[in-house]
Amino acid sequence: MAEGSSGGLSISPMEQFTVKPLFGGSEINLFTITNVTLWMFFAVVAVTLLMVLGTRGRAVVPTRAQSLGEMIYGFVHGMVTDVAGKDALKFFPYIMTLFLFILMANLLGLIPTAFTPTSHIAVTAVMALAVFITVTTVGIVKNGTEFLSLFWVSSAPLILRPILAVIELISYFVRPVSHSVRLAGAITAGHAVMKVFAGFAAAALIAPLTIVAMVAIYALEFLVAGIQAYVFAILTCVYLKDALHPHH
Amino acid sequence: MEGDIAQMGQFIGAGIAGLGAGLAALGVGNVAGNFLAGALRNPSAAGGQTATLFIGIAFAEALGIFSFLVALLLMFAV
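The rules behind these values
- Residues numbered from 1 in each chain as written.
- Chains lettered and ligands numbered in written order.
- Predicted model: local features only at pLDDT ≥ 70, side-chain atom pairs only at ≥ 80, totals over all residues.
- Helix = DSSP H or I, 4+ residues; strand = E, 2+ residues; numbered from the N terminus.
- Rg over C-alpha atoms; globule rule 2.2 N^0.38 Å.
- Contact = placed C-beta atoms within 7 Å.
- Buried ≥ 20, exposed ≤ 12 C-beta atoms within 10 Å, placed from the backbone.
- Axes fitted to C-alpha atoms, helices over the stretch in contact; angles between N-to-C directions.
- Parallel < 35°, antiparallel > 145°, perpendicular 65-115°, else oblique.
- Left-handed = near helix turned anticlockwise from the far one by under 90°.
- Nonpolar A, V, L, I, M, F, W, Y, C, P; charged D, E, K, R; others polar.
- pLDDT = per-residue confidence, 0-100.

Q: An account of the overall build of chain B is requested, with residue identities and associated values reported.
A: On a plain count of helices and strands, chain B comes out with three helices and zero strands. When the elements of chain B are put in sequence order from the N terminus, they spell out α-α-α. For chain B, whose C-alpha radius of gyration is 18 Å, the value lies well above the compact-globule estimate of 12 Å for 78 residues. Counting only C-alpha atoms and orienting by the principal axes, one finds that chain B spans roughly 65 × 15 × 10 Å. Across chain B, contacts joining residues at least 24 apart in sequence account for 91% of those joining residues at least 6 apart.

Q: Could you give an account of unusual backbone geometry, naming the residues involved and the relevant values?
A: Residue and element names in this part refer to chain A. The phi torsion at Arg58 lies on the positive side, around 50 degrees, for a residue other than glycine. With 7 C-beta atoms packed within 10 Å, Arg58 lands in the exposed category. Of note, Thr113 is a non-glycine position whose phi angle comes to about 70 degrees, a positive value. Residue placement: Thr113 occurs in the loop between helix 3 (92-109) and helix 4 (121-143).

Q: Describe the packing of helix 4 of chain A against helix 6 (residues 207-244) of chain A, and please don't skip the residues or the numbers.
A: Residues and elements named next belong to chain A. Relative to each other, helix 4 and helix 6 sit at 20 degrees, their axes nearing to 8 Å. The pairing of helix 4 with helix 6 is recorded here as roughly parallel in orientation. Between helix 4 and helix 6 lies a crossing of right-handed hand. Of the residues in helix 6, those in contact with Val131, Val135, Val138, Gly139 and Lys142 of helix 4 are Thr236, Tyr239, Leu240, Ala243 and Leu244. Among the residues making up the contact of helix 4 with helix 6, the classes are represented as seven nonpolar, two polar and one charged.

Q: So, the confidence of the model for chain B: which residues are in play, and what are the values?
A: All names here are of chain B. Mean pLDDT over chain B: 87, with 100% of residues reaching 70 or higher. When pLDDT is averaged over each helix and strand of chain B, the minimum, 84, is found for helix 3 (residues 50-77) and the maximum, 91, for helix 1 (residues 2-41). Interface confidence in the predicted complex, given as ipTM, is 0.75; pTM for the same model is 0.87.

Q: Now, about the environment of Cys237(A): what can you tell me, with residues and values included?
A: Residue and element names in this part refer to chain A. By the element assignment, Cys237 lies in helix 6. Sequence separation between Cys237 and Ala84 is 153 residues; the distance between their C-alpha atoms is 5.5 Å. Non-local contacts of Cys237, meaning those with residues more than four positions away in its chain, are made with Met79, Val80, Val83, Ala84, Ala88 and Ile95.

Q: If you had to explain the packing of helix 5 (residues 161-200) of chain A against helix 6 of chain A to someone new, which residues and values would you point to?
A: Residue and element names in this part refer to chain A. Relative orientation of the contacting elements helix 5 and helix 6 amounts to 175 degrees, with a least axis distance of 10 Å. Taken together, the axes of helix 5 and helix 6 are roughly antiparallel relative to one another. On helix 6, the residues that touch Arg175, His179, Arg182, Leu183, Ala186, Ile187, Gly190, Val193, Met194, Phe197, Ala198 and Phe200 of helix 5 are Thr210, Ala213, Met214, Ile217, Tyr218, Glu221, Val224, Gln228, Val231, Phe232, Leu235 and Tyr239. Looking at side-chain class alone, the contact of helix 5 with helix 6 contains 17 nonpolar, four polar and three charged residues.

Q: Summarise the environment of Lys195(A); cite the residues concerned and give the values.
A: Residues and elements named next belong to chain A. Here Lys195 lies in helix 5. On a C-alpha basis, the gap between Lys195 and Phe222 in space is 15 Å, while along the polypeptide they are 27 residues apart. Beyond its immediate stretch of four places on either side in the chain, Lys195 contacts Ile11, Pro13 and Gln16.

This is the structure:
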């Protein structure tokens, strides 16, 4: 912690991302309950509290929790219809679940000493791969071989089309990588920056300045937590639009 | 000695990969700046385009995060 005001500054910004078993031992198996499990559980509890218990009253004049739930519902609903169209509403529950889970995991992770599950590629990659597999399956089932016209840019000159097809194919398969790394990278980088600044605060001379900077970075991280959840959900919508209407 | 040189190369490479993050910042700034320039000319049309703005920012940002990933891999995985 903040000891040794001069000389030995020891900052270990990546230590906060260590996965530890909760109940003794250091061995991690497939079903070991770790801090990741705990904070994912908290995220699910938070979503349940907000969306199930908060809106249980079904009041005409909503309570605070209910109006917040309705706002999020309307926001995601509008996003799905705007980006992917009315026929994508079948996937609205899926996108809503993704959005709320990521939002809650990010926000709960901002509590000091908390753990952020979305900072791990293992967590985000599962979500991104699920989106990728879902979207590809939907595209093939809905459009059959027509789905391949996603890679054949018919508005380009004929000579360019094979080259563009290769580029489109690569960019299609890079999607789950960028989808997952974006979320994990943004969250990891933000938390590491906060830790580095917290380490600077140990030097008494610049401590006031560092604390002011940390407040600003904390506010920025609060913004990033929301924006990354939004970006994950909206990219899912974009991919879904490509699968449902593959024509360029 | 050889290990030292390899480690030095690792750190230099991670530093160079960090440049990518700054270049991605240029790209994100370009997207946001052009959006603002357009939005100030026609404010009534700006509201409907925020989704496009965020998609554009996300794509520009992805490449910067790739370079961040390369830096992390060089530092901790290689």
